[in-house]
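One-letter residues, chain by chain:
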Protein chains: 2
Amino acid sequence: MNNCSYIKNTKNEVSMDVLFELSEFFKFFGDTTRIRIIHLLLSGEVSVNDIAEKLNLEQSVVSHQLRILRTANLVKPRRDGRKMFYSLDDEHIGLIFNTGLTHILHKKGK
Amino acid sequence: MNNCSYIKNTKNEVSMDVLFELSEFFKFFGDTTRIRIIHLLLSGEVSVNDIAEKLNLEQSVVSHQLRILRTANLVKPRRDGRKMFYSLDDEHIGLIFNTGLTHILHKKGK
DNA sequence: TTAATATATGAACAGTTATTCATATTTTCA
DNA sequence: TGAAAATATGAATAACTGTTCATATATTAA
């Protein structure tokens, strides 16, 4: 039928706490600052200051949001000297981003 | 390379307002009540009272959340007599739900 | 038309969250 | 060791959001 493993059956039996975790997970994508950071990191790792500069955000804002993303294992840090480079933790993050993006662009195209 | 059209290139050039819309879009998935409603509607259309009953929620809560989902075109209503049946508007909704779900289950499996 | 059923809506409240500002921590280099 | 650079953190505030409760609207059947 299809070879995309993440297309699942429609008769899911999903427990209440998994649904809760799922909504918590989507919350991380539901903020403009975070989605811009995720989008930027799609092309590879970037330091905190570079994120702030490229997105025209205050360093403090970026650090706060990175902490949220890091705690949730959406991004991972790597120290190099006094710089910290952040990258997406997992290939699913980009997949979810792009699935949503495709939906938005598809809707706009009408 | 792959035949999944929603897997896009990693060198996205996405405008600021599309990123804003994208984060707004993900917000709808970022609430337990709404994600439970979406999950329930994955298996087909359900009336307002049935949603409330099956999810053990007050009718008012369901109506309020359905309005949000309806305004955002995530669900669509159909009137039958004095009942209103709601269903998912678009196949993307289920796809995004399942993509996130796969991620959660994958994480839990470790 | 009236009563009953099904759904929608408005206002108020409580809880959450992102940003701001100030400051602390960590690392490098002179 | 001390200063500078890079990042992290804490507290406070403002804005947003979901739920509750009461009520309004709409449809059907008697």
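First, a word on scope: everything that follows refers to the structure included in this document.

As for the protein's contact with DNA strand C
The local shell around DNA strand C holds 24 residues, among which Thr33 and Ser60 of chain A together with Asn49, His64 and Tyr86 of chain B are the closest. When the atoms of DNA strand C within 4 Å of the protein are sorted by group, sugar and phosphate make up 62%. Note that a phosphate oxygen of DNA strand C is positioned 2.9 Å from one of the backbone N or O atoms of Asn49 of chain B. Within the residue set of the surface near DNA strand C, elements represented by two or more residues are α2 (32-41) and α4 (59-71) of chain A together with α3 (48-55), α4 (59-71) and β3 (83-88) of chain B.

Section: the nonpolar core
Residues Phe29 and Ile51 of chain A together with Phe29 and Ile51 of chain B are the most contacted members of the largest nonpolar core, which totals 62 residues. In this structure Phe29 of chain B touches Ser23 and Phe26 of chain A together with Ile35, Ile38, Leu74, Ile93, Ile96 and Phe97 of chain B, once residues within four positions along its chain are discounted.

Thoughts on the protein's contact with DNA strand D
The full set close to DNA strand D counts 26 residues, and His64 and Tyr86 of chain A together with Thr33, Arg34 and Ser60 of chain B are the nearest of them. Backbone atoms, meaning sugar and phosphate, make up 64% of the atoms of DNA strand D lying within 4 Å of the protein. Take Met84 of chain A: an N or O atom from its main chain is 3.2 Å from a phosphate oxygen of DNA strand D. Of all the elements in the fold, those that place two or more residues in the surface near DNA strand D are α3 (48-55), α4 and β3 (83-88) of chain A together with α2 (32-41) and α4 of chain B. In terms of residues, the surface near DNA strand D owes the most to one element, α4 of chain A, which gives 6 residues.

Digging into the packing of aromatic side chains
All told, the structure shown has 7 aromatic pairs over all chains when counted by the stated rule. Judged by centre distance (5.9 Å) and plane angle (55 degrees), the rings of Phe25 of chain A and Phe26 of chain A are tilted. Here Phe25 of chain A and Phe26 of chain A have matching classes, each one buried. With a centroid separation of 5.3 Å and an interplanar angle of 70 degrees, the aromatic rings of Phe25 of chain A and Phe29 of chain A are classed as edge-to-face. Just as Phe25 of chain A is buried, Phe29 of chain A falls in that class too. Within the aromatic cluster, the residues linked to one another by ring pairs are Phe25, Phe26 and Phe29 of chain A together with Phe25, Phe26 and Phe29 of chain B.

Reading guide: rules and limits
Residues numbered from 1 in each chain as written. Chains lettered and ligands numbered in written order. Predicted model: local features only at pLDDT ≥ 70, side-chain atom pairs only at ≥ 80, totals over all residues. Heavy atoms only, no water. Near = heavy atom within 4 Å. Polar contact = N/O pair within 3.5 Å; in protein donor to acceptor, adjacent residues only side chain to side chain. Helix = DSSP H or I, 4+ residues; strand = E, 2+ residues; numbered from the N terminus. Core = buried A, V, L, I, M, F, W, Y, C linked by side-chain atoms within 4.5 Å. Buried < 20%, exposed > 50% of the residue type's maximum accessible area, 1.4 Å probe, protein only. Contact = heavy atoms within 4.5 Å. Phe/Tyr/Trp six-rings, centres within 6.5 Å; stacked < 30°, edge-to-face > 60°.

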